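Tertiary structure, described
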Amino acid sequence: VYVGALSRGKGLTYILEALRKAQDSGLSISLDVAGYPPPNLERLIREKYLGLKVVLRGMLEKEELMNLYKEAHIGIIASLQEQCSYVAIEMAMMSLPIITTAVDGLDEIFEDEVNALKVPVIFSRAKGLLPDVDYMAQCIARLAKDKILREKLGVNARALYLRYYTLDRMMQDTKKLYSDILDEHTL
């Protein structure tokens, strides 16, 4: 499942390319996409990614989104930039095994092979940051074939959520940060 803005910076086209490569290796896979689609996305998928099973769900209410997470086998985040990804936190909360790009923000949240599979990004002078699409395809294929790894990553992603990202924990950490700032300022 992919959830988020459907823009270049969020990496949906890289996911589609990786899915095509994974499918070319003999896998039968599909992608559910939740987010507001630009007008040309459906045509682009039909023309450029012929044969991929992609379901564009559009914008979903919270309950629908939570149900989509429950039904998904893998969550994928291919952002080229991120500060704090609510989608990553939601996927971890729902025990999804996650494939993510190793960019600032996401790289700080996840540990490779422990609670996610991290796809390296490379810098191109012509195109800027790009995820390693071949490696992303390998990660997709690996998780599609390895139920034990999916379960391990999902359990560990949930443990990560419970340790750092519950509402109570985030409120405590925010209060502590402000308290620390005030203490420093009054010294």
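Everything here concerns the structure above.
For the structure given in this document, a descriptive report is provided here. (Residues numbered from 1 in each chain as written. Predicted model: local features only at pLDDT ≥ 70, side-chain atom pairs only at ≥ 80, totals over all residues. Heavy atoms only, no water.)

Below, the discussion takes up the pairing of strand S7 (residues 121-124). Two faces make up the sheet, and in a regular strand the side chains alternate between them. Examined bridge by bridge, S7 and strand S8 (residues 128-131) share four bridges and lie antiparallel to one another. Opposite isoleucine 122, over in S8, you have leucine 130 as the bridge partner. Adjacent in sequence and paired antiparallel, S7 and S8 are bridged by three residues. (Pairing = 2+ DSSP bridges. Helix = DSSP H or I, 4+ residues; strand = E, 2+ residues; numbered from the N terminus.)

So, on to the layout of surface pockets. For the largest pocket, the calculated volume is near 390 Å³. Lining the largest pocket are 17 residues, and of these Val1, Ile29, Ser30, His73 and Ile74 lie nearest its centre. When contributions to the lining of the largest pocket are tallied by element, the ones reaching two or more residues are strand S2 (30-34), helix H3 (62-71) and helix H6 (133-145). Examining the composition of the lining of the largest pocket, we find that three residues originate from one element, S2, more than from any other. Looking at the lining of the largest pocket, its residues break down into eleven nonpolar, three polar and three charged. Its volume calculated, the second largest pocket comes out at about 180 Å³. Surrounding the second largest pocket, Val3, Gly4, Ala34, Gly35, Gly58, Met59, Leu60, Leu65, Tyr86, Val87 and Glu90 form its lining. Sort the elements by how many residues they give to the lining of the second largest pocket and helix H4 (residues 86-93) lands first, with three residues. Here the residues of the lining of the second largest pocket are counted per class, giving seven nonpolar, three polar and one charged. (1 Å grid on protein atoms, 1.4 Å probe; cavity = no way out; pocket = protein on both sides within 12 Å on 5 of 7 lines; lining within 4 Å. Points joined across faces, edges and corners; volume = space filled by probe spheres on them. Nonpolar A, V, L, I, M, F, W, Y, C, P; charged D, E, K, R; others polar.)

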